[in-house]
Amino acid sequence: MSAARDQDAALRSFEAAWRARPEDRIAAARADAMQRFLALGLPTTRDESWRYTSLRALAGRPFVDAEPAPPARSSWLAGVCAAPVTIVNGRPSSGAPQPAGDPALTIESLRAAIDRDPASLAARLGSIGAAESERWALLNRALFVDGLQVRVAGRAAAPLLIVHSAESARDDAAVHSRVIVDVAAGAEATIVEHHLGGSGHATLVNHATQLHLAPGASVEHYRVFSSDERTTHFDALEVLQGAGSRCRQFTVALGGAMVRANLSGRLDAPGAEHDSYALLVGRGARQLDCVNAIVHAASRTTSRQTARALAAGSSRVVFNSRVLVEAGTAGASSNQSCRGLLLSPTAEIDTRPQLEILADDVKCAHGATTGRLDPNMLFYLLSRGIDRASAQTLLIYAFLDDLLTGMSLPGARRAIEDALIGELPGADLLRSYR
Amino acid sequence: MSSKAPELETLLSRKYQHGFVTDIESDSLPPGLDETTVTFISRKKREPQFLLDWRLKAYRHWLTLREPSWATVQHPPIDYQAISYFSAPRTPGDAPKSIDEVDPKLLATYEKLGIPLHERARLAGVAVDAVFDSVSVATTFKDKLAKAGVIFCSFSDAVRDHPELIERYLGTVVPPGDNFFAALNSAVFSDGSFVYVPAGVRCPMELSTYFRINAAKTGQFERTLIVAAEGASVSYLEGCTAPMRDENQLHAAVVELIALDDAKIKYSTVQNWYPGDEHGVGGIYNFVTKRGECRGRNAKISWTQVETGSAITWKYPSCVLKGDGSVGEFYSVAVANNYQQADTGTKMIHIGRNTKSTIVSKGISAGHAVNTYRGLVKVLPTATGARNFTQCDSLLMGSRCAAHTFPYVEVRNPDATVEHEASTSKIGEDQLFYCLQRGVSAEDAVNMIVSGFCKAVFKELPMEFAVEAQNLLSVSLEGAVG
Amino acid sequence: MLKISQLRANVAGRNILKGVDLEVRAGEVHAIMGPNGSGKSTLAQVLAGREDYEITGGSVTFDGADLLAMPAEERARAGLFLGFQYPVEIPGVNNAYLLKAALNAKRKKAGLAEVDAYEFLGLIKAKMKFMGMDESFLSRGVNEGFSGGEKKRNEILQMLVLEPKLALLDETDSGLDIDALKVVAKGVNSLRGADRSIVLVTHYQRLLGYVEPDRVHVFADGRILKSGDKTLALELEARGYDWLREGRVA
Ligand SMILES: Nc1ncnc2c1ncn2[C@@H]1O[C@H](COP(=O)(O)OP(=O)(O)O)[C@@H](O)[C@H]1O
Ligand SMILES: [Mg+2]
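Residues numbered from 1 in each chain as written. Chains lettered and ligands numbered in written order. Predicted model: local features only at pLDDT ≥ 70, side-chain atom pairs only at ≥ 80, totals over all residues. Heavy atoms only, no water.

Considering the overall build of chain C
Link 1 in the chain: The secondary structure content of chain C amounts to nine helices and twelve strands.
Link 2 in the chain: At 18 Å, chain C has a C-alpha radius of gyration in line with the 18 Å of a compact globule built from 250 residues.
Link 3 in the chain: Summarising its shape, the C-alpha atoms of chain C cover approximately 60 × 40 × 35 Å along the three principal directions.
Link 4 in the chain: Of all 250 residues assigned to chain C, the portion counted as buried reaches 54%.
Link 5 in the chain: Relative to all contacts within chain C whose residues are 6 or more apart in sequence, the contacts with residues 24 or more apart total 68%.
Link 6 in the chain: About 10800 Å² of surface is accessible on chain C, with carbon and sulfur atoms providing 49% of the total.
Link 7 in the chain: Counting 34 positive and 34 negative side-chain charges, chain C places the centres of these two groups 1 Å from one another. (Helix = DSSP H or I, 4+ residues; strand = E, 2+ residues; numbered from the N terminus. Rg over C-alpha atoms; globule rule 2.2 N^0.38 Å. Buried < 20%, exposed > 50% of the residue type's maximum accessible area, 1.4 Å probe, protein only. Contact = heavy atoms within 4.5 Å. Areas by Shrake-Rupley, 256 points an atom, 1.4 Å probe, with all protein chains shown as cover. Lys, Arg positive; Asp, Glu negative; His and termini not counted. Charge placed at Lys NZ, Arg CZ, Asp CG, Glu CD.)

A short note on the interface of chain A and chain B
Link 1 in the chain: Taken together, the 33 residues of chain A in the interface contact 30 residues of chain B.
Link 2 in the chain: Buried area between chain A and chain B, summed over both chains or domains, comes out near 2600 Å², and the portion from carbon and sulfur atoms is 49%.
Link 3 in the chain: Across the chain A-chain B interface, the total number found is three salt bridges.
Link 4 in the chain: The partner of Arg 412 of chain B in a salt bridge is Glu 348 of chain A, and the shortest N-O contact between them spans 3.3 Å.
Link 5 in the chain: At the level of secondary structure, the elements contributing two or more residues to the side of chain A that touches chain B comprise strand E19 (348-357) and strand E20 (362-371) of chain A.
Link 6 in the chain: The residue inventory of the side of chain A that touches chain B, partitioned by class, reads 15 nonpolar, eight polar and ten charged.
Link 7 in the chain: Sheet topology note: the E20 of chain A/strand E24 (residues 417-426) of chain B ladder contains eight bridges and is antiparallel. (Buried area = accessible area lost by both parts, 1.4 Å probe. Salt bridge = Lys/Arg side-chain N within 4 Å of Asp/Glu carboxyl O. Nonpolar A, V, L, I, M, F, W, Y, C, P; charged D, E, K, R; others polar. Pairing = 2+ DSSP bridges.)

Considerations on the coordination of the magnesium ion (ligand 2)
Residue and element names in this part refer to chain C.
Link 1 in the chain: The coordination sphere of the magnesium ion (ligand 2), as far as protein atoms go, consists of Ser 41 (OG) and Gln 85 (OE1), spread over 2.0 to 2.1 Å. Linking Ser 41 in helix H1 (residues 40-48) with Gln 85 in the loop between strand E6 (80-83) and strand E7 (90-94), this pair joins segments that are 44 residues apart in sequence.
Link 2 in the chain: Classification of Ser 41 by relative accessible area gives partly exposed; the value is 22%.
Link 3 in the chain: With a relative accessible area of 16%, Gln 85 lands in the buried category. (Donors = N, O, S within 2.8 Å, 3.2 Å for Na, K, Ca; no water.)

Describing the sheet that holds strand E2 (residues 14-24) of chain C
Residues and elements named next belong to chain C.
Link 1 in the chain: One open sheet accounts for four strands, arranged E2-E1-E4-E5; its pairing is antiparallel. Of all the strands in the sheet, the pair left with one neighbour each is E2 and strand E5 (65-66).
Link 2 in the chain: Bridge analysis of strand E1 (residues 2-11) against strand E4 (residues 53-62) gives eight bridges, and the strand direction is antiparallel. When the sheet's bridge partners are listed, Ile 4 is paired in E4 with Val 60.
Link 3 in the chain: Across the sheet, H1 lies against E1, E2 and E4, angled at about 110° from E1, the strand it touches most. (Axes fitted to C-alpha atoms, helices over the stretch in contact; angles between N-to-C directions.)

What to know about the sheet that holds strand E10 (residues 197-201) of chain C
Residue and element names in this part refer to chain C.
Link 1 in the chain: Read from one edge of the open sheet, six strands run E6-E9-E10-E3-E11-E12, paired in mixed fashion. Two strands close off the open sheet at either side, each with one partner strand: E6 and strand E12 (223-228). Averaged over all neighbouring strand pairs, the angle between strand axes comes to 20°, with direction disregarded.
Link 2 in the chain: Direction of pairing for strand E9 (residues 166-170) relative to E10: parallel, over a ladder of five bridges. Residue pairing across strands places Ala 167 opposite Ile 198, the latter belonging to E10.
Link 3 in the chain: Contacts from helix H5 (residues 148-162) reach E6 and E9 within the one sheet, and its direction differs from that of E6 by about 170°.

Quick look at the packing of aromatic side chains
Residues and elements named next belong to chain A.
Link 1 in the chain: Under the counting rule described, the total for this entry stands at 26 aromatic pairs over all chains.
Link 2 in the chain: Ring geometry for Phe 14 against Phe 37: centres 6.5 Å apart, planes inclined by 70°, an arrangement best described as edge-to-face. Residue Phe 14 is found in helix H2 (residues 9-20), and its partner Phe 37 is found in helix H3 (residues 27-40); the two are separated by 23 residues along the sequence.
Link 3 in the chain: The class of Phe 14 is buried, set by a relative accessible area of 2%.
Link 4 in the chain: On the numbers, 5.2 Å between centres and 20° between planes, the contact of Tyr 222 with Phe 250 is stacked. (Phe/Tyr/Trp six-rings, centres within 6.5 Å; stacked < 30°, edge-to-face > 60°.)

Some details on the interface of chain A and chain C
Link 1 in the chain: At the interface, 18 residues of chain A touch 30 residues of chain C.
Link 2 in the chain: When the area that chain A buries against chain C is broken down by residue, the three leading residues are Phe 379, Tyr 380 and Arg 384 of chain A, summing to 37%.
Link 3 in the chain: Our enumeration of links across chain A and chain C arrives at two salt bridges.
Link 4 in the chain: Measuring nitrogen to oxygen at the nearest pair gives 2.8 Å for the salt bridge that ties Arg 384 of chain A to Glu 155 of chain C.
Link 5 in the chain: Our count for the chain A to chain C interface comes out at nine residue pairs in polar contact (both at pLDDT 80 or more).
Link 6 in the chain: For the side of chain A that touches chain C, the elements supplying multiple residues, two or more each, are helix H8 (375-382), helix H9 (388-401) and helix H11 (427-433) of chain A.
Link 7 in the chain: Of the residues forming the side of chain A that touches chain C, the biggest block, six residues, is contributed by H8 of chain A.
Link 8 in the chain: A breakdown of the residues in the side of chain A that touches chain C according to their chemical character gives eleven nonpolar, four polar and three charged. (Polar contact = N/O pair within 3.5 Å; in protein donor to acceptor, adjacent residues only side chain to side chain.)

Considerations on the confidence of the model for chain B
Residues and elements named next belong to chain B.
Link 1 in the chain: On average, residues of chain B carry a pLDDT of 79, and 76% of them reach 70 or more.
Link 2 in the chain: Taken together, the stretch residues 1-16 has pLDDT below 50 and engages in 35 contacts with residues farther than four places along the chain or on a different chain.
Link 3 in the chain: Note that pLDDT drops below 50 for residues 91-96; the model gives that stretch five contacts with residues more than four away or on any other chain. (pLDDT = per-residue confidence, 0-100.)

Side note on the site of ligand 1
All names here are of chain C.
Link 1 in the chain: Residues in contact with ligand 1 amount to 13 residues; listed here are only the nearest, Gly 37, Gly 39, Lys 40, Ser 41 and Thr 42.
Link 2 in the chain: The separation between an oxygen atom of ligand 1 and a polar side-chain atom of Arg 14 is 3.0 Å.
Link 3 in the chain: Taking Ser 41, its side chain carries an N or O atom lying 2.8 Å from an oxygen atom of ligand 1.
Link 4 in the chain: Calculation on ligand 1 without its partners gives an accessible area of 560 Å², and the protein chains cover 64% of this total. (Near = heavy atom within 4 Å.)

If you want it as structure tokens, here you go:
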């Protein structure tokens, strides 16, 4: 290990935490991940997928594992599901409750799953994303304390809400948790993950979700970040899609000091379809870095990535989306669209829509715009007597809300809109508007 | 597509027309690079001390740099000690005073390449500063230009005759330490072109330079510097061809453009270096740094390039838009066939208020080639009212080629508008079929479709070169579809 | 009502309005005709308060007040309405909401209470019926996905709801079929009254057949070239604009 890395307090503290853990039945897989993580080190802005997010300050701080804690808050998304599962500091509170009367869903804690069948669980932990951008997922594999394993066998009767809550009274707590979802052939589910919390302390949350869709499976997945202004999220979402499967994914970032949200999708068999949507609301000094990578590994696969980014205050919002069409495939189709709205002279929006095409029978497109509110729209509203502040508020809201229209869960949409309004100037006006 | 269409592979197998070697004794340095090499070049060219110091500084900086590596560009490591850094054609006395003094063999070479050197030549009205290997051998139309006050000469002549201009502008757009290849060029450049258009002058003709790499294992390191003073305008065309060789040859040029208030510079390139054969053997490594700076208000710099040659192209003609209201443009067609790798694009850096940039990039990949667009649009907080529009499209022919698009869009001013659009698709089968059904041959149909695809770029080229570029394109892609 | 003197304006650094003089009194209907690109829309947008158009000279009073000193929203509240030649689509901003907010902004200025939702709905539905518009338009985004004719009808609907003192209708009749034209004319005529004025920018005599103007102006090259009564419109229809321009040169 180089001398520079020895200066790396965070890295060393992660290694120390790993050494201090009692060995569990997947210790070998964890050790392998930890060695690879240590060899790579923490990313710096010289790494391509980290060029806009500096971890320099974070890397110099040591972290300790967050202690178990009781649930301290409820989710504003609670309305979408009768029996949410709450995970506090990475551990399901009160075991893992079985949502009442839904034979399509089986839920157990990851701890239980490790004890029951360590071999198959260990085999499941590999990451499909590029190691460079997925370093936190690697660390997560080494250090996740617990989480959920969810199996969807048929058509789930109701959405499943998983509330991830970070509760610590220290400024150096780190939470490592994981959720693994298997959706059987032809099964259907809606899964909402809500990350909230931080008790005014500088908590680091390193979470990973793996979503595996068997042929013909269909999933709508939400991950919503609404933590306080001192919480840092590293979130890795992996989606592996079988033949003819469909995935709709919504990433909504409305909180946190920093959210790095990775999405690695692999369309592994013919006919798989993937839609992802990212709503990124930057204000204050927030740093949002959304990194999508979709691999078209089979023929007739389709992906669409859509993002709306808002940057106010001194925030920085990054949308990095990559599409890779592998050689030997035919009929891949992809579209990436990112629209950014910059509201402040000290904010920044960085967009990188990348295409890597290794086959010829493709139709791929991307579009990105960054700018201010459309002056023609603004003038139209003014010319009808609407005051300037209201007109701006309305246009900002309309710009962002457009992304949410694709949500098929009305309760989730409504709640997310409410939370979004709370993040925008002119909240009263927008409430009256709805 | 119908199975009756001609086989792709057979049509792809076109030989490079410009492959021959001229036998002229070179006054070359043995391979190798150290401070002595740098000093030798500078002394040999009787350069003033400031330039030698500048070269040495660049060389020392180069030693600290690492060769850039992009995942999408691959080549065996280059041995910089195996390259000969100076090669001048031996002519009686020093540089030829007029075209009559030029070695007739050399002129014949140009003849074969179709480069018009004589005033009677096809491109009458175009001044040619021909560079054979590294040293400028003939310049025409000097009188007419001189009358207008335009300086157009080899870089060596400029160093001798206008050292104050060189000292003032050299390296101010591409600093010697800018990147690995720019630093190398700054240390060892042997010649190139210099243009100075004084305030208020419209350059009375298109300026043009043809480059050609000839001697084996000779790296070519040209340096081009174009300055357009207040209100001046100039259009410059650069064309390149290299003979066939098995060893890869390095070409690391630097081009700097400077436009002051209300000045306009249009720089067009038709690049047709030897691309290697159909198995990817040989060919030029074209690692070029091109950058223009709109230093004054309402200045405009426009890059147009048609890139069909080279084994590897690594080139990002860029614009630094400093002056308020200044304009940058980049129009590019890049064709990669067989085992070619093209990694090209642009950077538009918006610094001044109300600066505008336009990027139109058309990439065509065939065979086993890899064609990459890599571009940056950066709007700094000072660039209130800045606008950019980018369109970048890729066309794929054949299932083993690759097309990549890597744009970076960084916006830090809330009063800017940046739009980026891109698409990648294979050549339209319905369009092809339509043409075939009308009795057009597959090859003609491809040509028609491809030139339609590239139209937005070709129309930016000076008239006489647009035709040439179009021909070059169809030759490069001969049989790329079946 | 409206008095424009020697108004000059630039668009994107180019001089477009080159000294416009026009007076519109209460109760009058004026028609402005003129070739494409002569600056008619520019005049309308300048009057409505578009910021990126630079005023370089002249003055405009509206009901005695300095119109050019007011921001766009104040002009609207003071009773000036612009029917856009190209109404912009605003996805996500609800049509009904815009109408209600605009109406309330105006009422607030006049010291009136806001309309309640029930009252508003009654009012709006009646006006929509009058304009032959389907109620489903209410819940859509402003002009979002509307056809050309639907957009123009929507402009007139807004005008009827806001009951302006001065309506500037910029080519509201362009691109309408004959039935739609009649509906638009009906809307305009219903607004006519002793205390209201209307300025129609149009290319066609057709609309003027339904909405009879008091004055007709020919607009060319950034200014009013000739004014007359309604017979001027008929003459223009028959002879085009060239004879006027030639006459001016001579
Ligand atoms: N935003 C703009 N930028 C540049 N020129 C404009 C703009 N808007 C209008 N113009 C120009 O101003 C002139 C007048 O346009 P306009 O007022 O629309 O004419 P009209 O309505 O009489 O057809 C035209 O030449 C038009 O091209
Ligand atoms: Mg008009």
